[in-house]
Amino acid sequence: MKHDDRPDAPSDARWQWIAGEPFRLFFISGALWSIVAVLLWPMFYAKWIGYYPSLVHSSLMIQAFGGAFVIGFLGTAGPRVASAPPFGWRETGGLLILHEAGGIAHLLQHAMIGDILFALMLGCLLTMLGSRAARSTDEDGPPPQLLLAVTGLLCGITGALLPWLARGTDAYWLVALGRLLLHQGFLLLPTLGIGSFLFPRMLGGGFGEEEGHRKRGLLIALATALLILGSFVLEARGQIAFGSWLRLGVAAAYLFLQIRWRRAPGAKPRGSLVTGLFWAMALGGLALLLIPTKPSQHASIAHLLYVGGFGLLMLVVGSRVLFGHSGDVPGFHRVSKWVRWLIFLAVLAAITRASPAWRPSLTISHHIYGAWTWALLA
């Protein structure tokens, strides 16, 4: 008897609608992990936990929250753009187990185990996507923008493992490089790749780029990836301003030159969720601009990028995916006062968390206020 014919084998009707669209599991998991991560701060100040949660908080936000949205999106869209079969329930289930186990490991302060599980999860995702790209029925192959997303996954793997591999050596800059690759490269590069593919659709246009420009798009994506990777090396080697501003310039150039920001003729007016896209880009760019001006307050200012930039952007893109797969694309473009309040909370959380950079006396209170604001938003 074949495996698929066994009576106890999960049927496609029962499981494939979830397994083939991993965002259904990963988006909600990521949102819940983000709530856990931010509430560590009020718990610490209330003396409910006995350790300073900075490392655990950042690991959960990048890996358990950001990682969930990257896996959910690429795991859903990757096979489609490669014209390949979707993930099966074993593949999606395996990724989910690694994701949850990594989050739990970080929560229990087993940072090395959590980082290894995270790298393993991304490696498995790359293998799954690579095997489908190799078997793709599309003669042109995957879109060139996918190169940036793949580079982001490689940044995540390298960034999670490099600080551990560099321990005990004199190459302290490798530790800083690993943090930059994980905290920024892992999210920034997929944002550019996914953005060039999805942002035009969010504005009422079509997917991807115009026909006949694949080679040019591949070269631009390759140059963008190399320049951004170079900016991380420069910053890790002490050229903080040059590295940060180079990264800002390259990302801005790619976004504004490679994305058709004009709405299609006859498209409906922009809905409330689309305003979150512009707020995310503005706050993320402001963070990269300001970080070199106050390097001693890097952690606070960087939250403009992490919360207002990446965090808000993931929620907006995730909403577009949810509306699209539910068959209610017009819902994404609706004007809604509730959505405006959600975007306001995201912007407020980012500014609240970043403000101690200018008023250090507000650090504790704004840790708490920022945490509860994000938890309410999520």
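This one's a predicted model, so the numbers in the text were calculated from it and none came from an experiment. (Residues numbered from 1 in each chain as written. Predicted model: local features only at pLDDT ≥ 70, side-chain atom pairs only at ≥ 80, totals over all residues. Heavy atoms only, no water.)

Glancing now at the overall build of the protein chain. When its secondary structure is counted, the protein chain shows 14 helices and 0 strands. Its helices and strands taken in sequence order, the protein chain reads α-α-α-α-α-α-α-α-α-α-α-α-α-α from the N to the C terminus. At 20 Å, the protein chain has a C-alpha radius of gyration in line with the 21 Å of a compact globule built from 378 residues. Counting only C-alpha atoms and orienting by the principal axes, one finds that the protein chain spans roughly 65 × 50 × 45 Å. (Helix = DSSP H or I, 4+ residues; strand = E, 2+ residues; numbered from the N terminus. Rg over C-alpha atoms; globule rule 2.2 N^0.38 Å.)

Grouped burial of nonpolar side chains is what soluble globular proteins tend to show. If you look at the biggest cluster of nonpolar residues, it comprises 101 residues, and the most contacted ones within it are Leu74 and Phe199. Among all residues touching leucine 74, those that are not within four sequence positions of it are Pro79, Leu125, Leu129, Ala149, Leu153 and Ile194. (Core = buried A, V, L, I, M, F, W, Y, C linked by side-chain atoms within 4.5 Å. Buried < 20%, exposed > 50% of the residue type's maximum accessible area, 1.4 Å probe, protein only. Contact = heavy atoms within 4.5 Å.)

Attention shifts here to the environment of phenylalanine 87. By secondary structure assignment, the location of phenylalanine 87 is in the loop between helix 3 (54–81) and helix 4 (89–107). Distance from phenylalanine 87 to isoleucine 291, taken between C-alpha atoms, is 40 Å for residues 204 residues apart in sequence. For phenylalanine 87, the residues in contact, after removing those within four places along its chain, are Gln16, Ala19, Gly20, Pro22, Gly75, Pro79, Thr92, Leu95, Leu125, Met128, Leu129 and Arg132.

For the structure on display, the rule yields 5 salt bridges. The closest approach of N and O atoms between arginine 247 and glutamate 235, which form a salt bridge, is 2.5 Å. One end of the pair, arginine 247, is in helix 9 (residues 240–258); the other, glutamate 235, is in helix 8 (residues 214–236), and 12 residues separate them in sequence. Arginine 247 sits in the buried class, given a relative accessible area of 0%. What makes glutamate 235 buried here is its relative accessible area of 9%. Here the salt bridges do not stand alone but share partners, grouping Glu21, Arg24 and Arg80 into one network. (Salt bridge = Lys/Arg side-chain N within 4 Å of Asp/Glu carboxyl O.)

Although it is not a glycine, lysine 47 sits at a positive phi angle of roughly 65 degrees. Of note, the phi angle at glutamine 109 is positive, near 70 degrees, even though the residue is not glycine. One can find glutamine 109 in the loop between helix 4 and helix 5 (111–134). Taking relative accessible area as the criterion, glutamine 109 reaches 46% and is therefore assigned partly exposed.

For the rest of this paragraph, the subject is helix 9. The end-to-end C-alpha separation of helix 9 is 27 Å, in line with the 27 Å expected for 19 residues at 1.5 Å each. Among all positions in helix 9, only Gly243, Ser244, Arg247, Val250, Ala251, Tyr254, Leu255 and Gln258 are buried. The arc enclosing the buried residues of helix 9, seen along the axis, measures out at 135 degrees, which places them on a common side. Away from its buried face, by an angle of more than 90 degrees, helix 9 presents the exposed residues Phe256 and Leu257. The inward-facing, buried residues of helix 9 abut helix 6 (146–165), helix 7 (172–202), helix 8 and helix 10 (272–290). (Expected span 1.5 Å × (residues − 1). Arc of directions from axis to C-beta.)

What follows covers the packing of aromatic side chains. Counted by the stated rule, this structure contains 11 aromatic pairs. Pairing phenylalanine 44 with tyrosine 52 gives two aromatic rings, centres 5.3 Å apart and planes at 85 degrees, and the pair type is edge-to-face. The class for phenylalanine 44 is partly exposed, based on a relative accessible area of 23%. A centroid spacing of 5.3 Å and a plane angle of 75 degrees characterise the contact between phenylalanine 65 and phenylalanine 69, whose relative ring orientation is edge-to-face. Here phenylalanine 69 and phenylalanine 65 lie together in helix 3, a separation of 4 residues that amounts to about one turn. Among the aromatic residues, those joined into a cluster by ring pairs are Phe23, Phe27, Phe65, Phe69 and Trp374. Across the ring face of tryptophan 173, the terminal group of arginine 237 is positioned such that the distance to the ring centre comes to 4.7 Å. (Phe/Tyr/Trp six-rings, centres within 6.5 Å; stacked < 30°, edge-to-face > 60°. Lys NZ or Arg CZ within 6 Å of the ring centre and 35° of its normal.)

Right, let's get into the side chain of threonine 373. Note that threonine 373 resides in helix 14 (residues 363–377). Look past the residues within four positions of threonine 373 in its chain and what remains in contact with it is Leu345, Leu348 and Ala349.

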